[in-house]
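Examining the three-dimensional arrangement
Each chain is listed here by its residues.
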Amino acid sequence: MRFSFDSPEPKPDERLALTSTPPSTTPKDEMEWFPLQNHPVFSTTTTTASSGGAVQSSTSRTPTNLLAWDGASRLYFWDQDKHCLHRISIRLGEPHPSSVLAASPSKVLQADVQLKFVVSKISINRNGSALLLAGPDGLSVMYLYGCTSMKDGSGTSICRTVSIGSHIYSSGNNVIRTLQVSWHPCSDSHMGILSSDSVLRIFDLSSALEQPEQEYYLQPVEPGRCRNAASICPVDFSFGGDHLWDKFSVFVLFSDGSVYILCPVVPFGSMYKWESILEMYHDAQTFGLESSYPKAVSNSNLAITWLEATFPELCLEATGGNLSVVKAQPYALFDASISLQGPLPKVGHGGEEDIHAQVEQSEGRAVSLLYNAISKDSILVTAWSGGQLQIDALADEIQPVWIVGTPPRVCFDSHDRIIGVAMICESVTGDHSALKLYEPSDHTVWSGYPPPLLRLAMVDLALPRNRESTSLISMVSDPLIPERMFILHDGGIDSIVLHFLPFTSQTSSKNESMRTPSVHPVLCTSQGGSSSPLFGFLALSDSFGYSWIVGLTSSRECIVLEMKTWDLLLPIHVEREGVATLDESRVNDNLVISKELLSGPKVVLLPPSSNLRSVTADSIDGRSTLHQYFKLFHENYVEYAHKVYFELKHHGPQLKKIIDDQHGRLHGAQQKLLKVEEKQESLDDRIARATQVHRLLEERLQRLGNLPRVRKKPLSKAEREFKSELDRFTGVELDALHSSIEALNARLQRYVHSSQGNPSNQQMQMSRKNYVQDDHISLLKSSLDKLSLVNSENTKKVKLLESALSHRQSSG
C-alpha cells in the first residue's frame, strides 16, 4: 500500500518579503522569499507537449534529474523549455525549523554555446564551481563563475560551457553511448564516464577536455570463453568512500548482477588525508611483508611501491608529520596493469555461496548500483529492473591487485611527466571457491582474492508488473543519516533504513540480533495504473539535524517534504524492564516535592541518659532536658514544616500546570472515545458489506476455476529458467551485438580510409606491416563470425521457445 503526500496550500502570510535588511538602491532589496514549492519558477505552466515528449524519448534509458544542490545555500534547476539554468538561493529552516524558503527572482544562467543535445541530468562538483550537463547524445560542463551579463539588460548571465570527449561520445554515428557520469569525490576537476564500449574513462577538466587522463578497458570474460552478453555489458559504476583502500576503488556493475572492483584508481592531483594514507602504508608493511605466503608479500610490495611513488611524502619522514592533506602524483606501474577483481562472491550468513538463490529472487536485469560507507562498513545496493533490491556488505577489506606482465600504455609530456594512462583490465583466473567467509585472515590478507559480499537483505519494492521494461531505478543516500537511502522509481519514492551493520554492530559492544531493513513509502506518483516519473530529486539537510526531500514532477510541480530523523534508528520493540526504568527516571525528573520531604521528618530519639520520672520540670536537670527536647523538635519538625511550606509555595504553579495538562488529556481522550462510538455503527456496516463481497468473490472464483482453460499445465522449472534467461537478454544482448558490429565497422572504415589517404607511407611500410594488416582483418572477420553465430543461436532459442509455447497452448 502506498501513500501520497500532498504539499499544504500556502497561506497568505507565507509570502515573506525581505525586510530584515535596510532599504537601499541595490536590486537585492527587491528580492522576495517564498516557500520553495511555491516559487514562480516551478509554478509556471509553460511546458509544451513537444518538449515533454522529447524528454521522454531521449531519457528512456537513463533516469532524469534536472535538480542539483551545492550543499549550502544554492539550488540549480535546468529549464528544458528555455534551455537555461536557474540558480535559486534557499534558506533551510526559516522561519520555522521545518520550512525551506527560496528567493525570487532567480538568477538565470545560459551557456555561451548552443547545446546540440537534450539535457537529462545535471550534477555539481564538490566545490560548486562547475555543473555537468549530461544527455544521451553529449556531455558538457558549465562553469558557474566568471559569468558575463547580456547586453539587452534581461539579467541573464552567459557562462562558459565546454564539451567533454566530443569525438568519443558525440560523434555522428552515436556508436558509443554514455551509461553513467559521476564527479570524483576527491577532486574538483575530475569526472568518470562509463560507456557502452565497456571502457571507464577519467577526464581532467583542468588540463584536457577531449583526451581522457585515464582509460580502463574492462574485460570480465577470459578470451575464448563463451559467456552470455549480460555478463560483459556494464550498466553502472560508483567511486568508493573514505575507508582504507575504498577511496582508491571503483565498483562496476554488469547487467547480470555481478560486481567487479578496480583498485587502485587515483586521479592525478587529487587530494587525500595524510592520516589515512599513512595508515594504509603501515598496514601494507605490517600485514603484507611479514606474511608467510609469497603471493601476499609480492602484492604488498607492489602496493608499497605504488604508494611511495604516488605520495612521495611517505619517504620524507621529517615533513610528513606536519601534513594534513597530500596530493596524488601521476604514476603507473610500467610492467603491470590493474586487475578487474571479481565477480565478487556472494555468501550468506552460513558462509556458503548463495548465487542460485540470488538469481531466483531477482527478476529482469541489474540496472543501478549504490555504494555507501557507514562507519566501518561498506554497503553495496544493487537494483534490478523487476523491482528487487539486493543489499550486501563487504565482508573483508579491499586490497589492490595488479596483473604483472601486461604493461599499460603511458603518455608523457615534454618534461617526462605522465599525462595519460590506458590499460586493459582483465579478471584474474583462479579458483576462488575455496574462499570462505569465516576463513582465518592469514589466508586472505594480500592474497589477491576479491572480498566476499555478505547478504544483508533482499527488498522487493512491489512495483507494478505491467510497467515498461526500459524503466529504471535510481538510488540516493541520505546526506544526514548514512543508514537511510532513497529509492526513485516510476511509482514514486521509497526510503530504506538499515538497522544492522556487521562490523559497526560488532565494534559497538551491543548484543543485538540482526534486524531487517525497514521500508517506508515516501511519495506516490502513480494513479489508476498510470505512473508519472519524477524529473528531479534532491535530499537536503542542515547542521541542526533537519532533513528534506525535493521532487520535481513532469508537470513542473515542486514537492517539498520534511523527513523525520531522530527516531529512525531506535529499536522497534523495547523490553518491559527498560520501559519501567525509563518511566521511573522521567517521573523522578518531574517530581514536585523532593524525596527527602516525602520521606517525612526524622524520628526524635530520647537522650540516652535521660530519665523523665526522676527529674522535675523546675529543676536544673528538667530544664536542661526540656531545652534539649525543644531543640530537637525545632531542628526536625519546625524546619521540616518550613521546607514543606517553601516547596509547596515554590512549585504551586507547576502543580497547577500539570493538573491542567492532565485534565486536557482526559478531555481529549473522552472526545476520541465519543468519536469511536459514533463510527462504530458505520464500521459494523462496512464489515458486513465486505463479508458479503468476499463471499460473492469466492463463489465467482469457484465458477472460474471450473473453466477448462484454467486447468492448463504450468511451465516446468527448466522452461521458467530459460524464460528468465531470455528476459535478462531483452534490451541487453541485441544492443550489445549491434553496438559491437557498428563499432567494428567504424574501426574498419577508419582503418581503410587512413591506409588509402597516405599512399607514400603505405608503399614504404607495405613490406613491413603487411602481415599486421592481415592479422587485423582476420581478427575482425573472426569477431564478426562469432557475433553472427551468437545471434543465430539466440534466434534458434527464441524460435524453439515460441514453438514450445504454441504447442502447449494448442494442447491445453
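Provided above is the structure to which this section pertains.
We now turn to the structure provided with this report. (Residues numbered from 1 in each chain as written. Predicted model: local features only at pLDDT ≥ 70, side-chain atom pairs only at ≥ 80, totals over all residues. Heavy atoms only, no water.)

1. Let's talk about the environment of Ser505
Note the threshold: What counts as a helix is a DSSP run of H or I of at least four residues, what counts as a strand is a run of E of at least two, and both are numbered from the N terminus.
Position of Ser505 among the secondary structure elements: in helix H8 (residues 502-507). On a C-alpha basis, the gap between Ser505 and Lys376 in space is 9.4 Å, while along the polypeptide they are 129 residues apart.

2. As for the environment of Leu472
Quick note on the threshold: With a 1.4 Å probe rolled over the protein chains alone, any residue whose accessible area is under 20% of its type maximum counts as buried; one over 50% counts as exposed, and the rest are partly exposed.
One can find Leu472 in the loop between strand S32 (453-460) and strand S33 (474-477). Using a relative accessible area of 18% as the deciding quantity, one classes Leu472 as buried. Considered as a pair, Leu472 and Pro63 are 409 residues apart in the sequence and their alpha carbons are 6.4 Å apart.

3. Here's the deal with the pairing of strand S41 (residues 558-563)
Counted only if it meets this: The rule for pairing is simple: two strands pair if DSSP sees at least two bridges between them.
In terms of burial, S41 is a largely internal element, 5 of the 6 residues being buried. Pairing of strand S40 (residues 547-552) with S41 involves 6 bridges; the strand directions are antiparallel. When the bridges of S41 are listed, Gly551 appears paired with Ile559.

4. A look at the pattern of salt bridges
Formally: Just to be clear on terms, a salt bridge is a Lys or Arg side-chain nitrogen sitting within 4 Å of an Asp or Glu carboxyl oxygen.
This model, assessed by the stated rule, comprises 12 salt bridges. Residue Arg556 is joined to Asp81 by a salt bridge in which the shortest nitrogen-to-oxygen separation is 3.5 Å. You can see Arg556 sitting in the loop between S40 and S41 and its partner Asp81 sitting in the loop between strand S4 (74-79) and strand S5 (84-92), a full 475 residues away along the chain. In this structure Arg556 comes out as buried when scored by relative accessible area, which is 7%. Given the relative accessible area of 23%, Asp81 is considered partly exposed. Here Glu215 makes a salt bridge to Arg201, at a shortest N to O gap of 3.2 Å. With Glu215 in strand S17 (residues 214-219) and Arg201 in strand S16 (residues 199-204), this pair connects stretches of sequence that are 14 residues apart. Glu215 gets classed as buried once you look at its relative accessible area, which sits at 12%. One continuous salt-bridge network, built from bridges that share partners, spans Asp79, Asp81 and Arg556.

5. A look at helix H5 (residues 294-310)
This is how it is decided: Given a helix with a known number of residues, its expected span is that number minus one, times 1.5 Å. A contact between two residues is defined here by any heavy atoms of the two lying within 4.5 Å.
Counted at 1.5 Å a residue, the expected span for H5 with its 17 residues is 24 Å, and the 24 Å between its end C-alpha atoms agrees. Among the structural elements, helix H4 (274-288), strand S22 (325-327) and strand S29 (402-404) are those in contact with the buried residues of H5.

6. Concerning the packing of H4 against H5
Each packed pair of helices is defined by two parameters, the angle between the axes and the distance between the axes. Our working definition: Throughout, an axis means a line fitted to C-alpha atoms (over the contacting stretch in the case of helices), and angles, computed between N-to-C directions, take values from 0 to 180 degrees. Roughly parallel means an angle under 35 degrees; roughly antiparallel means over 145; roughly perpendicular covers 65 to 115; every other angle is labelled oblique. Here is the rule for handedness: rotate from the far helix to the near one, and if that takes an anticlockwise turn smaller than a right angle the crossing is left-handed, while a clockwise turn gives right-handed. Side-chain classes are defined by residue name, with Ala, Val, Leu, Ile, Met, Phe, Trp, Tyr, Cys and Pro counting as nonpolar, Asp, Glu, Lys and Arg as charged, and the others, Gly among them, as polar.
Packing of H4 against H5 leaves a shortest axis separation of 9 Å and a crossing angle of 155°. On the basis of the axis angle, H4 is roughly antiparallel to H5. In the crossing of H4 with H5, the sense of the turn from one axis to the other is left-handed. Residues Met280, Tyr281, Ala284, Gln285 and Gly288 of H4 lie in contact with H5, whose contacting residues are Ala296, Val297, Ser300, Ile304, Leu307 and Glu308. Classifying every residue of the contact of H4 with H5 gives 7 nonpolar, 3 polar and 1 charged.

7. A look at H4
Residues spaced three or four apart along an α-helix face the same direction, because each turn holds 3.6 residues. Between its first and last C-alpha atoms H4 spans 21 Å; for 15 residues at 1.5 Å apiece the expected length is 21 Å, and the two agree. Those residues of H4 lying buried are Trp274, Ser276, Ile277, Met280, Tyr281, Ala284 and Gly288.

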